[in-house]
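Structure assessment
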Amino acid sequence: MNGQLTPGRDPSPHLLRRFGLVQATALNMSNMIGIGPFITIPLLMSALNGGGPQAMLGWIVAVVISMTDGMVWSELGAARPGSGGTYVYLREAFGRETVGRLMAFLFIWQFILSGPLEIASGYIGFAQYFGYLWPNMTPLQTNLVVTAIGAVNIALLYRQITSIGRITVALWIGTLLTTAAVIVSGGMHFDSKRAFDFPAGAFDFSLGFYFGLGAASRIGVYDYLGYYDICYIGDEVKEPGRVIPRSIILSILGVALIYLAMNLSIIGVVSWREFVPAEGNPNAKFVVSLFMEKIYGTKIASLFTAMVLWTAFASCFALLLGYSRIPYAAAQDGGFFKIFGRVHPAKKFPHVSLVVMGLIAIGCSFLPLDAVIDALLTTRILVQFIGQIFALTLLRERAPRMTRPYRMWLYPLPALLALAGWIFIFSTSDLKFILYGLGTLGLGVVFFLVWSWRTRRWPFGSTVKGCVPVP
């Protein structure tokens, strides 16, 4: 790692501001809807008290966490728009050349591990639904599918942002059509007795219920991830102080309604008992295709599966677009390898960061889906989500005159609710994933200290003076 921030310099002068409210909302919603609800419904319905629709309580917990945390992102994103999102917020709030260096470094460190895992979950979901069209796929063939779709994703994003905005909207339209088909079809054939077929002891409160609710909420939060995606490309957003908060809030509200309607539509047609428990159940791999098959037959189900594949790809597209800007922003600021800060000379986008993140995501897609989901959440919660809540509080105290186009409603209540939610999600995870999250964090601290010692920077040397202060 090398390079330093030049005092007063714009860290990303070459990126074009072309994302308006429509494109920003499309980017967030394409990421949020994506393949998540199509592959996690069986996992969700298996999570609480032996399985059943009571697990949808996890959706309620997840939407509360997402909405309150979305307010944190909205204030930070509107006040400090720039490529990198969390990297910028942590660095500025905790001290650009002191503790902020550590927090920003740890974010990039965990992000290199968790970002590709999130993209990989979309590739895994794509391969699962592709299995409906190609029955009896071998593990090798499955790996070839995820590798091919990952390569296509990189190729489509290897271009200027002007055309990417149009591609994003096109993929978003396909996503909305897919979800609308599920909701309308389910509504026309909805059976309330089937949908609300609660098992005995569904609401027996116990320690097992608490951890089961945590598992269901963890799956719900995974499906909502992405409401903040536009923050990662803040340098490419028109009127960021207005567009970023509105796109976040609109995305969460819209997707919450869509998810509720989708889940009720599916379990109102396909009994949850047909795909629960999810582990080892072939129906759990493509439950929405089974849903369409029950209503319209195999031909229409196959056509609809193609639409699900479109939706899965749209999600991976949105994720890789946003996430490729994070190592780029860090490199521009001197906090990561300099090569990641390179911008394509003709097409003006961070091409090295894009390719590296895309290749890592392809490699992660060979892991099991449930492990991918739990690992990415426990890795990300401590530094990114909890760290940002403290960053917001610090900026409120240390920079009260900072321009804030958006201010959190009822501050600090939403921030406290978000903090409690993230602690709940982390503490109810399996011990091995808690240890994984803590272990990767600890290893990141070790690497940071070694790097700082070799470069004679904080805490082993003097800080860089003359950098732009927080206004």
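Residues numbered from 1 in each chain as written. Predicted model: local features only at pLDDT ≥ 70, side-chain atom pairs only at ≥ 80, totals over all residues. Heavy atoms only, no water.

Describing the overall build of the chain
A tally of regular secondary structure across the chain gives 16 helices and zero strands. For a compact globule of 471 residues, the expected C-alpha radius of gyration is about 23 Å, and the chain comes in at 22 Å, within 12% of that figure. Seen along its three principal axes, the alpha-carbon backbone of the chain occupies a region of about 65 × 50 × 40 Å. Per-residue burial over the chain gives 60% buried out of 471 residues. A separation threshold of at least 6 residues defines the contact pool for the chain, and within that pool the share at least 24 residues apart is 84%. Element-wise, carbon and sulfur atoms account for 67% of the exposed surface of the chain, whose accessible area totals about 18,000 Å². Positive and negative charge centroids in the chain, built from 35 and 22 side chains respectively, lie 11 Å apart. (Helix = DSSP H or I, 4+ residues; strand = E, 2+ residues; numbered from the N terminus. Rg over C-alpha atoms; globule rule 2.2 N^0.38 Å. Buried < 20%, exposed > 50% of the residue type's maximum accessible area, 1.4 Å probe, protein only. Contact = heavy atoms within 4.5 Å. Areas by Shrake-Rupley, 256 points an atom, 1.4 Å probe, with all protein chains shown as cover. Lys, Arg positive; Asp, Glu negative; His and termini not counted. Charge placed at Lys NZ, Arg CZ, Asp CG, Glu CD.)

A short note on the nonpolar core
Inside soluble globular proteins, nonpolar side chains tend to come together where they are buried. Core analysis: the largest hydrophobic core is formed by 157 residues, its most contacted members being Tyr129, Phe275 and Trp422. Looking at which element gives the most residues to this core, the answer is helix H4 (residues 86–133), with 23 residues. (Core = buried A, V, L, I, M, F, W, Y, C linked by side-chain atoms within 4.5 Å.)

Re the confidence of the model for the chain
Averaged over the chain, the pLDDT score is 85; the fraction of residues at 70 or greater is 92%. Within the model, the stretch residues 464–471 combines pLDDT values under 50 with 18 contacts to residues more than four positions away or in other chains. (pLDDT = per-residue confidence, 0-100.)

As for the pattern of salt bridges
Applying the stated criterion to the full structure yields 13 salt bridges. Of the charged contacts, one joins glutamate 92 and arginine 91 as a salt bridge, the two residues approaching to 2.6 Å between their closest N and O atoms. Of the two residues, glutamate 92 and arginine 91, both sit in the buried class. The closest approach of N and O atoms between arginine 380 and glutamate 118, which form a salt bridge, is 2.6 Å. Of this pair, arginine 380 sits in helix H14 (residues 369–398) while glutamate 118 is found in helix H4, placing the two residues 262 residues apart along the sequence. The same class applies to arginine 380 as to glutamate 118, namely buried. Connected through shared salt-bridge partners, Arg80, Arg91, Glu92 and Arg96 make up one network. (Salt bridge = Lys/Arg side-chain N within 4 Å of Asp/Glu carboxyl O.)

Topic: the packing of aromatic side chains
Tallied over the full model, the rule gives 27 aromatic pairs. Seen from their ring centres, phenylalanine 38 and tyrosine 129 are 6.5 Å apart, and the 85° between their planes marks the pair as edge-to-face. Linking phenylalanine 38 in helix H2 (residues 36–45) with tyrosine 129 in helix H4, this pair joins segments that are 91 residues apart in sequence. For phenylalanine 38, a relative accessible area of 0% translates into the label buried. You can call tyrosine 129 buried: its relative accessible area is 0%. Taken together through their ring pairs, the aromatic side chains of Trp73, Tyr89, Phe107, Phe111, Tyr227, Tyr228, Tyr232, Phe385 and Trp422 make up a single cluster. Stacked on the ring of tyrosine 411, the Lys or Arg arginine 396 has its end atom at 4.0 Å from the ring centre. (Phe/Tyr/Trp six-rings, centres within 6.5 Å; stacked < 30°, edge-to-face > 60°. Lys NZ or Arg CZ within 6 Å of the ring centre and 35° of its normal.)

Notes on the side chain of serine 66
Looking at the element boundaries, serine 66 is found in helix H3 (residues 57–79). Overall, the relative accessible area of 1% leaves serine 66 in the buried class.

A word on helix H1 (residues 21–33)
Taking 1.5 Å as the rise per residue, H1 with 13 residues should run 18 Å; its terminal C-alpha atoms sit 18 Å apart, in good agreement. The element H1 is extensively covered by neighbouring structure, given that 10 of its 13 residues are classed as buried. For H1, the complete set of buried residues consists of Ala24, Thr25, Ala26, Leu27, Asn28, Met29, Ser30, Asn31, Met32 and Ile33. Looking one or two residues beyond H1, the residue adopting positive phi is glycine 34, at roughly 40°. (Expected span 1.5 Å × (residues − 1).)

A few points about the packing of H4 against helix H16 (residues 431–455)
Geometrically, a packed helix pair is captured by the angle between its two axes and the distance between the axes. Relative to each other, H4 and H16 sit at 125°, their axes nearing to 9 Å. The angle between H4 and H16 places the two elements in the oblique class. In this structure, the crossing between H4 and H16 has a hand that is right-handed. Residues Arg101, Leu102, Phe105, Leu106, Trp109 and Leu113 of H4 touch H16, and the partners they reach there are Tyr436, Thr440, Leu441, Leu443, Gly444, Val445, Phe447, Phe448, Trp451 and Ser452. Partitioned by chemical class, the residues of the contact of H4 with H16 number 12 nonpolar, three polar and one charged. (Axes fitted to C-alpha atoms, helices over the stretch in contact; angles between N-to-C directions. Parallel < 35°, antiparallel > 145°, perpendicular 65-115°, else oblique. Left-handed = near helix turned anticlockwise from the far one by under 90°. Nonpolar A, V, L, I, M, F, W, Y, C, P; charged D, E, K, R; others polar.)

A few points about the environment of valine 64
With respect to the element layout, valine 64 can be found in helix H3. The partly exposed category is assigned to valine 64, whose relative accessible area is 41%. The spacing of valine 64 and isoleucine 300 is 236 residues in sequence and 36 Å in space, taken between C-alpha atoms.

Concerning unusual backbone geometry
Excluding glycine, most residues fall at negative phi; most peptide bonds, likewise, are trans. Residue proline 412 follows tyrosine 411 across a cis peptide bond; omega there is 5°. With respect to the secondary-structure elements, proline 412 resides in the loop between H14 and helix H15 (413–427). Residue proline 459 follows tryptophan 458 across a cis peptide bond; omega there is 10°. Relative to the helices and strands, proline 459 resides in the segment after H16. For leucine 410, which is not glycine, the phi dihedral falls at a positive 60°. Note on placement: leucine 410 falls in the loop between H14 and H15.

Digging into the layout of surface pockets
Approximately 1,300 Å³ is the volume attributed to the largest pocket. Classifying every residue of the lining of the largest pocket by side-chain character gives 26 nonpolar, 11 polar and seven charged. (1 Å grid on protein atoms, 1.4 Å probe; cavity = no way out; pocket = protein on both sides within 12 Å on 5 of 7 lines; lining within 4 Å. Points joined across faces, edges and corners; volume = space filled by probe spheres on them.)

Structural notes on the environment of glutamine 128
If you trace the backbone, glutamine 128 turns up in helix H4. Residues glutamine 128 and proline 282, spaced 154 residues apart in sequence, show a C-alpha to C-alpha distance of 9.9 Å. Among residues more than four places away in sequence, those in contact with glutamine 128 are Ile39, Lys285, Phe286 and Leu369.

Description of helix H5 (residues 139–157)
Here H5 contains 19 residues, and its C-alpha end-to-end distance of 28 Å stays within 8% of the 27 Å for a straight helix at 1.5 Å per residue. Along H5, the residues that are buried comprise Val145, Val146, Ile149, Gly150, Asn153, Ile154 and Leu157. In a view along the axis of H5, the buried residues occupy a sector of 165°, so they form one face of it. The exposed residues of H5 that point more than 90 degrees off its buried face are Leu140 and Leu144. (Arc of directions from axis to C-beta.)

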